[in-house]
Amino acid sequence: MKYLTLGSTGLTVSELGFGCIPIIRFPKEDSVRVLRHAFERGITFYDTANAYRDSEEKIGIAFSGMRDKVVLATKTLMRSAQDATAHLDNSLRMLKTDYLDLYQLHQIAQEQDWLQVTGPGGALEAVLKAKAAGKIRHIGVTSHNLQMAIKMARSGLFETIQFPFNLIEEGAKDQLLAASTELGMGFICMKPFGGGVIDNAAVAFKYLRSYPDVIPIPGFESIRQVEEILSFYAGENLVTERDREMMEEYRAKLGRRFCRRCEYCQPCPQGVMITPAMGYPIVAARMSPSVAVEFCRKAMESVSLCTECGACIQHCPYELPVTEILKANYSLYEQHLKDKHAATD
Ligand code: SF4
Ligand code: SF4
């Protein structure tokens with residue numbers, strides 16, 4: 001494991017971080033075991049959020065009594081100073097610490113978010129105050145919107161930027177990475193697997209390792225997964241011609257119109273299970289159509305509840321034509337159902 005300086009923060013972090021969404025799915029003891037194992041294997045950088053349910057609490061338990069050995073980053077979706085202060089204090093309590101190494105304003109995507117957090121009484125005011133009081137060491141920002149991310153990087157207000165970056169989402173490669181490098185910002189890479197659609201971890205990490213200043217934060221679900229991903233960091237593990245071909249195959253297969261399962265579009269007011277229904281073609285390709293129709297039945301049948309109100313489209317940071325994709329996926333599901341019935345008749 002190599003250790004890098006996270007931009008101009010001066011924080012020393014492992015070249016691979018730990019994204020703490022998946023640990024919300026497991027009991028405390030199991031999550032703590034995975035977190036501690038990752039630490040023992042050299043991972044020192046842990047990224048979470050107030051919104052990730054009990055993730056902060058689990059991290060607080062895992063690293064109690066060894067605060068100076070880990071770098072802790074968390075974030076808030078709050079836009080006002082008052083709400084951000086409440087979130088920040090809660091994070092400190094849950095993480096059992098009196099300071100955060102990095103505090104990020106989370107998911108600033110639209111101009112309205114930006115104006116709220118930076119305006120009078122906005123979250124940035126609270127965060128700056130907390131920094132002056134020693135509760136926060138460094139301030140960062142996260143986004144899924146490239147133009148907004150570039151603007152925020154260039155604002156000079158933040159020391160790190162967190163953005164999706166992987167072999168099929170290369171939007172950050174040129175302008176955003178260039179801006180963050182030029183300005184001495186740390187670049188934290190969320191979604192190294194494209195939100196779950198890149199199922200070849202070796203290829204995903206070989207791609208990312210060709211950007212040595214980028215710190216990926218995969219979500220680990222088990223000790224086995226920690227070991228698997230760490231194995232890609234042993235030795236040089238260079239990209240081969242075959243790896244390049246596989247990357248191209250992923251790009252050709254997924255294009256731009258794929259759902260990253262970020263769930264910002266949820267909940268649907270009509271009860272449509274948007275995220276699983278958006279991913280139906282991937283499940284069908286992985287499991288076979290005849291299994292997928294059963295596995296996804298509930299989600300796919302919920303698509304018929306859609307009234308095309310457009311709320312999900314407004315909330316999708318990737319500007320996906322959600323209703324159009326849902327309709328296309330539903331047609332595919334119907335076709336698969338027909339094929340299945342024909343095969344069994
Ligand atoms: S457009 Fe359909 S799926 Fe999207 S939020 Fe409205 S009802 Fe739900
Ligand atoms: S449709 Fe958009 S907002 Fe909803 S989960 Fe997919 S990428 Fe996220």
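The structure contained in this document is the topic of the report that follows.

Procedures and definitions
Residues take numbers from 1 onward in each chain, read along the sequence in its written order. The naming scheme follows written order: chains are lettered A onward, ligands numbered 1 onward. Totals for whole chains, interfaces and linings use all residues, but because this is a predicted model, local features are given only for residues with pLDDT of at least 70 and pairs of side-chain atoms are given and counted only at 80 or more. The side-chain values count all of the structure's non-hydrogen atoms but skip hydrogen atoms and water molecules. Counting from the N terminus, the helices are the DSSP runs of H or I reaching at least four residues and the strands are the DSSP runs of E reaching at least two. Any two residues having at least one pair of non-hydrogen atoms within 4.5 Å are treated as being in contact. Side-chain atoms alone can form a polar contact between residues adjacent in sequence; in general such a contact is a pair of N or O atoms within 3.5 Å, and within protein one must be able to donate a hydrogen while the other accepts it. Here a residue counts as near a molecule or strand whenever at least one of its heavy atoms sits within 4 Å of it. Put simply, Ala, Val, Leu, Ile, Met, Phe, Trp, Tyr, Cys and Pro go in the nonpolar bin, Asp, Glu, Lys and Arg in the charged bin, and everything else, Gly too, in the polar bin. Exposure classes here rest on a 1.4 Å probe applied to the protein chains alone. A residue is buried below 20% of its type maximum, exposed above 50%, and partly exposed in between. For this quantity, the arc is that covered by the directions from the helix axis to the C-beta atoms.

## A word on the environment of N200
So, point 1. With respect to the helices and strands, the residue N200 is situated in the loop between β9 (186-190) and α8 (201-209).
So, point 2. Residues N200 and M247, 47 residues apart in the sequence, show an inter-C-alpha distance of 9.7 Å.
So, point 3. Apart from the residues within four sequence positions on either side, N200 is in contact with M246 and Y250.
So, point 4. Here A202 takes part through its backbone nitrogen, which lies 3.2 Å from a polar atom of the side chain of N200.
So, point 5. Looking at N200, its side chain comes within polar contact range of the main-chain nitrogen of V203, at 3.0 Å.

## A few points about the site of ligand 1
So, point 1. Taken together, 13 residues form the shell around ligand 1, and within it C268, C306, C309, G310 and C312 come nearest.
So, point 2. Within the shell around ligand 1, the residues separate by chemical class into eight nonpolar, four polar and one charged.

## As for helix α9 (residues 223-231)
So, point 1. Among the residues of α9, Q225, V226, I229 and L230 are the ones counted as buried. Buried residues of α9 fall within an arc of 130 degrees about the axis and therefore sit on the same side.
So, point 2. Contacts made by the buried residues of α9 are with α1 (28-40) and α8.

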